[in-house]
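# Examination of the molecular architecture
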Amino acid sequence: MSDVIQQQGNPQAPGSWPGGNGGAGDWPRYPRLHDAIPDSGPAAGGNTVLLTGSGLQGTSLVTFGGVPATIVTLDPYGNSVTVLAPAHPAGAVQVVATTPRGTSNPVSYTYTVTTPSGPTVTSLVPNTGSTAGGTAFAIVGSNLTGATVTFNGVAALGVSINAAGTVLTGTTPPGPAGNVPVVVTTPAGTTTVAGGFTYTTPPPVAASLSPSSGSAAGGTAFVITGSNLSGASVTFNGVAATGVSVNASGTALVGFTPAGPLGNVPVVVTTPAGSATVAGGYTYTPPPPPVVTSLLPPSGSAAGGATFVITGSDLSGASVTFNGVAATGVSVNASGTALVGFTPAGPLGNVPVVVTTLGGSTLVAGGYTYV
């Protein structure tokens, strides 16, 4: 310390050196370093270090283990230099300062490696979305730099993180309906997002119905196209369609219309996730008039009660009269090609037989003869 005391000189005035005139501009013979404050820092560098000493006026270079530091400020009296430490591998290094008078003695400085902290998550917004994926989300927290995210073990898409490592954004992958775990992983560790993410089944979308009209007798084959149609049922004016089937992708639904009233009626597609009304609905049109090709037998007892069969087409929903009196027990097969029933009582002789449906009426050729 004797040489330090000698260099400090007369303490009457700052910067007064032996042999000098007491002015701030008088320099000692050579620079000297006393301490580095702090004497350690991160290997990444960039932290502020105060070097105390004497004779440091005009310092032009400070090195940490041979690596130049950035000089921030110089004390005009030569008692300190403030620098930004450069990056350097971990370990102890020597710090020296160079002035016009020469190079200082070294002081020790230790570079340390800071173990990064694992990620933390404070919120996930939103915390629900479609099973189809594609929901934009944001995770807010800290230490998110370099993170990846999985939903139920499947990686999120388009992940991006801000410079501060506090906000992570992306889009969800597809997933099963229900709550699934969300895991954020960085090189420093892993954390599970509290509450996870709940996948919900989106409601059905009915984009088109073809054909948009058909017979009021029902039985018209139709196709509804859209999305999220899996598990759907369909009603026409509140009456369920029959034979409904949906393809594997949930984009097309087929079935057969029920019978309905003439005119336009609403068509509603329903799944466990909700309902969708088909734009434009469905228009029931009159069915074609019935066609009769035969009546067997052509005659029977005037007392009535005789079984008869009418064959033809478009007989669905038909009623039959003999001489204006309705037949009983009338039934039509599914294809509308055969009708059976029992004759009412009637007068002796030949009488007209009329078959009537929503599409119109047809007179049976030859009528029926009561005997």
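Residues numbered from 1 in each chain as written. Predicted model: local features only at pLDDT ≥ 70, side-chain atom pairs only at ≥ 80, totals over all residues. Heavy atoms only, no water.

## Description of the overall build of the protein chain
Basically, it comes down to this: Helix and strand definitions follow DSSP, with helices as H or I runs of at least four residues and strands as E runs of at least two, each counted in order from the N terminus. C-alpha atoms define the radius of gyration, and 2.2 Å times the number of residues to the power 0.38 defines the globule rule. Partly exposed residues are those whose accessible area sits between 20% and 50% of the maximum for their type, while under 20% is buried and over 50% is exposed, using a 1.4 Å probe and protein chains only. For accessible areas, the Shrake-Rupley method is used with a probe of radius 1.4 Å. Any residue's cover is judged against the shown protein chains and nothing else.
What the protein chain contains, in helices and strands, is one helix and 43 strands. The C-alpha radius of gyration computed for the protein chain amounts to 48 Å, which surpasses the reference 21 Å derived for 371 residues by more than 25%, pointing to a less compact arrangement than a globule. Principal-axis analysis of the C-alpha atoms gives the protein chain an extent of 160 × 30 × 25 Å. A buried classification covers 36% of the 371 residues belonging to the protein chain. Summing over all exposed atoms, the protein chain offers an accessible surface of approximately 17,500 Å²; the carbon and sulfur share of this is 60%.

## Observations concerning the sheet that holds strand β3 (residues 48-54)
Put simply, the test is: Each pair of strands is called paired provided DSSP finds at least two bridges between the two strands. Axis lines are fitted through C-alpha atoms, for helices just across the contact stretch, and the angle between N-to-C directions can take any value from 0 to 180 degrees.
The strand order β1-β3-β7-β6 describes an open sheet built from four strands, whose pairing is antiparallel. Each edge of the sheet is formed by a strand with only one pairing partner; in this case those strands are β1 (32-37) and β6 (70-74). For this sheet, the mean inter-axis angle between neighbouring strands, taken without regard to orientation, is 25°. With five bridges connecting them, β1 and β3 associate as antiparallel partners. By the bridge assignment for β3, R32 is matched with S54.

## Some thoughts on the sheet that holds strand β37 (residues 325-326)
In space, the four strands of this open sheet follow the order β37-β36-β41-β42, with antiparallel pairing throughout. The open sheet is flanked by β37 and β42 (360-363), the only strands paired with a single partner. Where strand β36 (residues 319-322) meets β37, two bridges bridge the pair, whose relative direction is antiparallel. Residue pairing for β37: F322 is matched across the bridge by V325.

## Some points on the environment of Q94
Where we set the bar: Contacts were defined at the residue level, with two residues in contact if any of their heavy atoms lie within 4.5 Å.
The residue Q94 is located in strand β8 (residues 91-99) in this model. Note on Q94: relative accessible area 42%, which makes it partly exposed. With 14 residues separating them along the chain, Q94 and S108 place their C-alpha atoms 4.9 Å apart. Once residues lying within four places of it in the same chain are set aside, the contact partners of Q94 are T63, F64, G65, P106 and V107.

## Let's talk about the packing of aromatic side chains
The following threshold applies: Geometry of aromatic contacts follows a simple scheme: Phe, Tyr and Trp rings, the Trp one being its six-membered ring, pair when their centres are within 6.5 Å, and the pair is stacked under 30 degrees between planes, edge-to-face over 60, tilted otherwise.
All told, the structure shown has eleven aromatic pairs when counted by the stated rule. Aromatic pair F322 and Y368: ring centres 5.1 Å apart, planes at 90°, arrangement edge-to-face. One end of the pair, F322, is in strand β36; the other, Y368, is in strand β43 (residues 368-370), with 46 residues separating them in the sequence. Classification of F322 by relative accessible area gives buried; the value is 0%. Where Y368 meets Y370, the ring centres are 5.3 Å apart and the plane angle is 80°; that geometry is what we call edge-to-face.

## A few points about the confidence of the model for the protein chain
Test applied: pLDDT expresses how confident the predictor is about each individual residue, on a scale running from 0 to 100.
With 92% of its residues at a pLDDT of at least 70, the protein chain reaches an overall mean of 91. Of the regions scoring below 50 in pLDDT, residues 1-27 engages in 39 contacts with residues more than four places distant in sequence or in other chains.

## Here we look at the nonpolar core
Quick note on the threshold: Buried residues of nine kinds, namely Ala, Val, Leu, Ile, Met, Phe, Trp, Tyr and Cys, make up a nonpolar core once their side-chain atoms join them within 4.5 Å.
F308, I310, V320, F322, V355 and Y368 are the most contacted members of the largest nonpolar core, which totals 18 residues. Where this core is concerned, the elements lending two or more residues are β33 (291-296), β35 (307-313), β36, β41 (353-357) and β43. In contact with V320, not counting residues within four places along its chain, are F308, I310, V325, A326, A327, L339, V353, V354 and V355.

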